[in-house]
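So you can see what is in the structure, the chains are spelled out below.
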Amino acid sequence: MKLGIVGLPNVGKSTLFNSLTKAGAESANYPFCTIDPNVGVVAVPDHRLKLLTDFYHSRKTTPAVIEFVDIAGLVKGASKGEGLGNQFLANIREVDAIVHVVRCFEDPNVIHVDGSIDPLRDIETINLELIFADLEVLERRIAKTTRSAMNDKSLAKELEILKQIKAHLEEGQLAKSMSFDDADDLAFVQSLNLLTWKPVIFAANVSEDDLADDAASNPHVQKVREFAAANGCEVFVICAEIEAEISELEDDEKQMFLEDLGLKESGLDKLIKASYSLLGLTSFLTAGEQETRAWTIKKGTKAPQAAGKIHSDFERGFIRAEVVNYQDLLDAGSYAAAREKGLVRLEGKDYVVQDGDVILFRFNV
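Owing to the predicted nature of the structure, the values given are computational and were not obtained by experimental measurement.

A separate point is the environment of Lys144. Its location among the elements puts Lys144 in helix α4 (residues 119-149). Lys144 sits in the exposed class, given a relative accessible area of 53%. Each C-alpha atom of the pair Lys144 and Leu159 lies 9.6 Å from the other, and the pair is 15 residues apart in sequence.

Put into structure tokens, the structure is as follows:
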């Protein structure tokens with residue numbers, strides 16, 4: 001999974017990126033301190049991995065990972081060359097979802113490019129730049145398809161869809177607010193890789209004082225939540241400065257620090273949950289003496305395709321999957337005991353893999 005972190009300058013974007021990845025991107029109180037996109041890979045926290053590693057005395061533990069891309073700050077007019085111009089566009093087109101950091105804290109010592117705190121205005125600024133960028137792509141695609149359609153009548157439907165999306169964007173709406181019932185139409189729209197089609201998670205960056213009650217009394221956060229609910233987006237509250245402090249601590253110290261703040265989980269945990277929810281992802285596990293590992297898949301993935309995440313040969317030669325829930329396996333005390341109790345199931349090609357399944361794939365190529 002690849003997430004692009006975007007936001008206006010000085011909203012806490014690079015501070016958040018640093019704390020999530022410990023990648024050390026430059027962070028300062030001036031715009032555009034992130035000139036090139038910084039990339040960091042983060043392990044997905046999963047308590048089940050340690051339990052299974054201890055259970056099997058595995059020599060290696062491999063978590064699922066998320067790749068974060070910190071994309072240079074946008075400003076009004078970026079799609080026309082203002083600020084860093086179109087430099088952000090190529091980087092953001094590659095991501096699975098956009099994490100949009102929105103400033104919801106007051107601090108006279110940290111400059112805001114527009115001079116005041118207004119999260120909805122900031123969201124609109126970013127959205128308009130994405131819309132303008134997509135309109136350029138669509139105009140070129142429409143011109144090309146129009147020429148091709150003169151000799152290929154089958155392109156008429158594609159041309160119609162392109163024009164529909166363009167008209168929708170020109171009304172200031174995001175492409176993802178459109179719906180396409182036909183599977184082929186939907187696949188075509190997805191192939192366009194439009195910025196405004198990508199799922200969005202809002203990170204409402206607040207002060208430390210707002211963290212304990214999840215910013216329930218912060219009017220800026222309330223506006224972001226209302227906007228997210230109306231537009232099918234996820235939202236979570238974070239304090240980038242606190243996350244930076246948490247990132248320097250050992251695991252046991254982190255828990256104590258969070259409890260002192262009255263928090264149940266870190267911002268990274270919140271972001272990962274929001275990402276999995278928004279993108280419809282889940283994890284299955286493989287475990288043994290050699291390695292215990294988590295694999296990320298789309299919800300609804302069937303056993304052969306899940307096997308293909310490990311190796312294409314596993315999918316090609318799939319015979320069956322031996323499946324047991326991780327907690328049932330731990331409670332049984334051993335794989336053999338779990339099998340004796342009938343907890344290990346033999347599943348075929350139509351089995352839909354569930355979160356927390358420990359799977360041994362049988363295949364023959």
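What follows continues from the structure just given.
Here we come to the packing of α4 against helix α7 (residues 219-230). For any two helices packed against each other, one specifies the crossing angle of their axes together with the interaxial distance. The N-to-C vectors of α4 and α7 enclose an angle of 45°; their axes lie 9 Å apart at closest approach. By the angle between their directions, the pair α4 and α7 is classed as oblique. Judged by residue contacts, Pro119, Leu120, Ile123 and Asn127 of α4 engage His220, Lys223, Val224 and Phe227 from α7. By residue class, the composition of the contact of α4 with α7 is five nonpolar, two polar and one charged.

A word on unusual backbone geometry. Even without being a glycine, His57 presents a positive backbone phi close to 55°. Along the chain, His57 turns up in the loop between α2 (47-56) and β3 (60-62). Since its relative accessible area comes to 66%, His57 is described here as exposed. The phi torsion at Asn193 lies on the positive side, around 55°, for a residue other than glycine. Structurally, Asn193 can be placed in the loop between α6 (183-191) and β6 (200-205). Judged by its relative accessible area of 32%, Asn193 is partly exposed.

This part is about the sheet that holds strand β5 (residues 97-103). In space, the six strands of this open sheet follow the order β2-β4-β1-β5-β6-β7, with mixed pairing throughout. Only two strands of the sheet have a single partner each, and these edge strands are β2 (38-43) and β7 (234-238). The average angle at which neighbouring strand axes cross in this sheet is 25°, direction not considered. Relative to strand β4 (residues 65-70), strand β1 (residues 2-6) runs parallel, the two sharing four bridges. Counterpart to Gly4 in the pairing with β4 is Val69. Strands β1, β2, β4, β5, β6 and β7 of the sheet are contacted by helix α1 (residues 13-21), whose axis makes an angle of about 155° with β4. Against the sheet, α4 contacts β5 and β6, and its axis sits at roughly 145° relative to β5.

Right, let's get into the packing of helix α5 (residues 156-170) against α6. Between α5 and α6, the least distance of the axes is 11 Å, while the angle of their chain directions is 60°. If you check the angle between α5 and α6, you find them oblique. Seen from above, α5 lies across α6 with right-handed handedness. Where α5 abuts α6, its residues Lys157, Glu158, Ile161, Leu162 and Ile165 lie against Asp185, Phe188 and Val189.

Quick notes on the rules
- Residues numbered from 1 in each chain as written.
- Predicted model: local features only at pLDDT ≥ 70, side-chain atom pairs only at ≥ 80, totals over all residues.
- Heavy atoms only, no water.
- Helix = DSSP H or I, 4+ residues; strand = E, 2+ residues; numbered from the N terminus.
- Buried < 20%, exposed > 50% of the residue type's maximum accessible area, 1.4 Å probe, protein only.
- Axes fitted to C-alpha atoms, helices over the stretch in contact; angles between N-to-C directions.
- Parallel < 35°, antiparallel > 145°, perpendicular 65-115°, else oblique.
- Contact = heavy atoms within 4.5 Å.
- Nonpolar A, V, L, I, M, F, W, Y, C, P; charged D, E, K, R; others polar.
- Pairing = 2+ DSSP bridges.
- Left-handed = near helix turned anticlockwise from the far one by under 90°.

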